[in-house]
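# Analysis of the macromolecular model
Below are the chains, spelled out letter by letter.
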Amino acid sequence: MITTGDMSEKSAPGDMCTDEKINQYLQDIHHFGTIENKNALPEKSTAEFKSLLLSLDAAFVSLRACQEKAVPLLIELLTPDNSFNVRYGAVVALGSMGETAHAAAPDIIKLLEDENKHIHTLAAKTLGYLGPNAAIDLVEALENPNTLYDVVYALGQVKINQKHPVKEIQMILTAIVENASMNLDVRWVAAASLVRQGVDMASFFAAHTLFSPSSKDIECAKEYESWAQADKASIGTNVYMFD
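Figured I'd write up the structure that's included with this text.

Reading the values: rules and limits
Residues numbered from 1 in each chain as written. Predicted model: local features only at pLDDT ≥ 70, side-chain atom pairs only at ≥ 80, totals over all residues. Heavy atoms only, no water. Core = buried A, V, L, I, M, F, W, Y, C linked by side-chain atoms within 4.5 Å. Buried < 20%, exposed > 50% of the residue type's maximum accessible area, 1.4 Å probe, protein only. Helix = DSSP H or I, 4+ residues; strand = E, 2+ residues; numbered from the N terminus. Contact = heavy atoms within 4.5 Å. Axes fitted to C-alpha atoms, helices over the stretch in contact; angles between N-to-C directions. Parallel < 35°, antiparallel > 145°, perpendicular 65-115°, else oblique. Nonpolar A, V, L, I, M, F, W, Y, C, P; charged D, E, K, R; others polar. Salt bridge = Lys/Arg side-chain N within 4 Å of Asp/Glu carboxyl O.

Another aspect to go through is the nonpolar core. Here is a general trend for soluble globular proteins: nonpolar side chains tend to be buried in one another's company. Core analysis: the largest hydrophobic core is formed by 68 residues, its most contacted members being Leu74, Leu94 and Val152. The element contributing the most residues to this core is helix α4 (residues 84-96), with eight residues. If sequence neighbours within four positions are ignored, Val152 has contacts with Leu142, Leu173, Ile176, Val186, Val189, Ala190 and Ser193.

Written out as structure tokens, the structure is:
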């Protein structure tokens, strides 16, 4: 599993981000991806597999630490020709950079339509951390019914202490909650997103019996925030977790 090191790290020593070092990180990432694309990875319990995974882990940790210099390189790793774990690792590395990786928002938006559910779910979780431009892109993505649920979820990630159009987002989420013709699951996740934005939605859950207004529902909504924070704090952890 990828652990990605200390998330408090803000920058890397200059000798970690030379062109030579960065090329080595990319070689290690592509090496893992090539083997994975050939379905030739060794058994997970073997020392050989663990060695490959540690190399992939170290490469993403080091590349992420290069901050702005790494962003376009990580964006290139999002393309469908790359293996699952390479793409997944690139998304979580970009998410760990926060607004530094704002340029990746349009590319991560595209991943909301990815056929792999783990990729598009991770993309939704990541988008709320990428800054004002990402928030604007998310609002525009609401027009696509195929990704509406994930986009509404991602809007709940937007932080009040960041420079996002939070009030506008809350108005959009409220409109979704109050739209009786909207898909029930989408309305519920919009309400959960508002809870994560700090809006008291207890009366909504109480007033709409379709939402089974139990304490479990409210707790589940609030847990989204802790899950999101965990994803950001351990970005990359358990990358190789899916068969």
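This part covers the packing of α4 against helix α6 (residues 117-127). The N-to-C vectors of α4 and α6 enclose an angle of 5°; their axes lie 10 Å apart at closest approach. The orientation of α4 relative to α6 falls into the category roughly parallel. On α6, the residues touching Phe84, Arg87, Tyr88, Val91, Val92 and Gly95 of α4 are His118, Ile119, Leu122, Ala123 and Thr126. Each residue belonging to the contact of α4 with α6 can be placed in one class, and the counts come to seven nonpolar, three polar and one charged.

Attention now moves to the pattern of salt bridges. For the coordinates displayed, the defined rule picks out two salt bridges. Here Asp19 ties to Lys69 by a salt bridge, and the two come within 3.4 Å at their closest N and O atoms. Placement of Asp19 in helix α1 (residues 19-37) and of Lys69 in the loop between α2 (47-65) and α3 (71-76) is noted, with a sequence separation of 50 residues between them. Assessed through its relative accessible area of 40%, Lys69 is described here as partly exposed. Here Asp114 ties to Arg87 by a salt bridge, and the two come within 2.4 Å at their closest N and O atoms.

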